[in-house]
Amino acid sequence: MPAVRAEWLDTDRTHPIGLRRELTFAVNLDITRSLRFVIDVTRTDVQSFTPLTDQPKPWPQVPYYELDNTRVIAQLQAVL
């Protein structure tokens, strides 16, 4: 069963920074009635100089910038 999700977020609409886009593709494969394999791939594209929304502590003045990334999650799910 495939699934696709697209998200768009502008964390700072008053300034020309802060745009964040995510595209996710997931698929699950039923191996048996009680066993399923799930894989989820998410690509995140962030506009240059976009600060992290959750800055590390204790230095709130230093701007840490968010980076583009790709995440892959694989799960083996069992019903007991």
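The structure this text deals with has already been given above.
Here we summarise the structure given alongside this text. Here the residue numbers are simple positions, counted from 1 along each chain's written sequence. Confidence filtering applies because this is a predicted model: local features only for residues at pLDDT of at least 70, side-chain atom pairs given and counted only at 80 or more, and all residues used for totals across whole chains, interfaces and linings. Note: side-chain values were computed over all heavy atoms of the structure, leaving out hydrogens and water.

1. Some thoughts on a nonpolar patch on the surface
How we decide: Here, patches come from residues exposed beyond 30% relative accessible area and free of salt bridges, joined within 9 Å for like charges and within 5 Å for nonpolar side chains (Val, Leu, Ile, Met, Phe, Trp, Tyr). Per-residue and other accessible areas were derived by the Shrake-Rupley procedure at a 1.4 Å probe size, with only the shown protein chains allowed to occlude residues. One side-chain nitrogen of Lys or Arg within 4 Å of one carboxyl oxygen of Asp or Glu is enough to make a salt bridge. Strands here are runs of E lasting at least two residues and helices are runs of H or I lasting at least four, both read from the DSSP assignment and numbered beginning at the N terminus.
A cluster of nonpolar residues, V4, L23 and F25, forms a patch on the protein surface that exposes about 310 Å² of accessible area. In this fold, L23 is placed in strand 2 (residues 19–32).

2. Overview of the pattern of salt bridges
Following the criterion strictly, the structure yields 6 salt bridges and no others. As a salt-bridge pair, D45 and R43 come within 3.1 Å of each other at their nearest N and O atoms. Members of the salt-bridge network, linked through shared partners, are R20, E22 and E66.

3. Describing the packing of aromatic side chains
Think of a pair of aromatic rings as described by two things: how far the centres are apart, and how the planes are tilted against each other in angle. Where we set the bar: By convention, a stacked pair of Phe, Tyr or Trp rings (six-membered ring in the case of Trp) has centres within 6.5 Å and planes under 30 degrees apart, an edge-to-face pair has planes over 60 apart, and any other such pair is tilted.
Inspection of the entire model under this criterion finds 1 aromatic pair. Consider the rings of F49 and Y65, whose centres lie 5.6 Å apart with planes at 85°: the pair is edge-to-face. Remark: Y65 occurs in the loop between strand 3 (35–46) and strand 4 (69–78) and F49 occurs in the loop between strand 3 and strand 4; sequence separation between them is 16 residues.

4. Let's talk about the sheet that holds strand 2
Convention followed: Paired strands, as defined in this entry, are two strands with at least two bridges between them according to DSSP. Only the stretch in contact is used when a helix axis is fitted, and all axes are lines through C-alpha atoms; the angle between N-to-C directions ranges over 0 to 180 degrees.
With antiparallel pairing, the 4 strands of this open sheet are ordered in space as 1-2-3-4. A strand with exactly one partner marks an edge of an open sheet, and here the two such strands are strand 1 (2–10) and strand 4. Each adjacent strand pair in this sheet contributes to an overall mean axis angle of 15°, direction not counted. Pairing of strand 2 with strand 3 involves 12 bridges; the strand directions are antiparallel. Looking at the pairing, L29 lines up with F37 of strand 3.

5. A look at the environment of R36
Counted only if it meets this: In what follows, a contact means two residues having at least one pair of non-hydrogen atoms within 4.5 Å. For the purposes of these results, a polar contact is taken to be a pair of N or O atoms within 3.5 Å, where, inside protein, one atom must be able to donate a hydrogen and its partner to accept one; residues adjacent in sequence count only when each atom of the pair is a side-chain atom.
Mapped onto the elements of the fold, R36 is located in strand 3. R36 sits 43 residues away from V79 along the chain, and the two C-alpha atoms are 8.7 Å apart. Not counting residues up to four positions away in its chain, the partners in contact with R36 are N28, L29, D30, I31, Q75, L76 and Q77. A polar side-chain atom of R36 sits 3.1 Å from a polar atom in the side chain of D30.

6. Quick look at the side chain of T24
Under the convention used in this document: Remark: exposure states derive from per-residue accessible area (1.4 Å probe, protein chains only) relative to the maximum for the residue type, with buried under 20%, exposed over 50%, and partly exposed in between.
Tracing the sequence through the fold places T24 in strand 2. Classification of T24 by relative accessible area gives buried; the value is 5%. Polar side-chain contacts of T24 include one of 3.1 Å to the side chain of T42. Dropping the residues within four chain positions of it, T24 is found in contact with A3, V4, R5, D40, V41 and T42.

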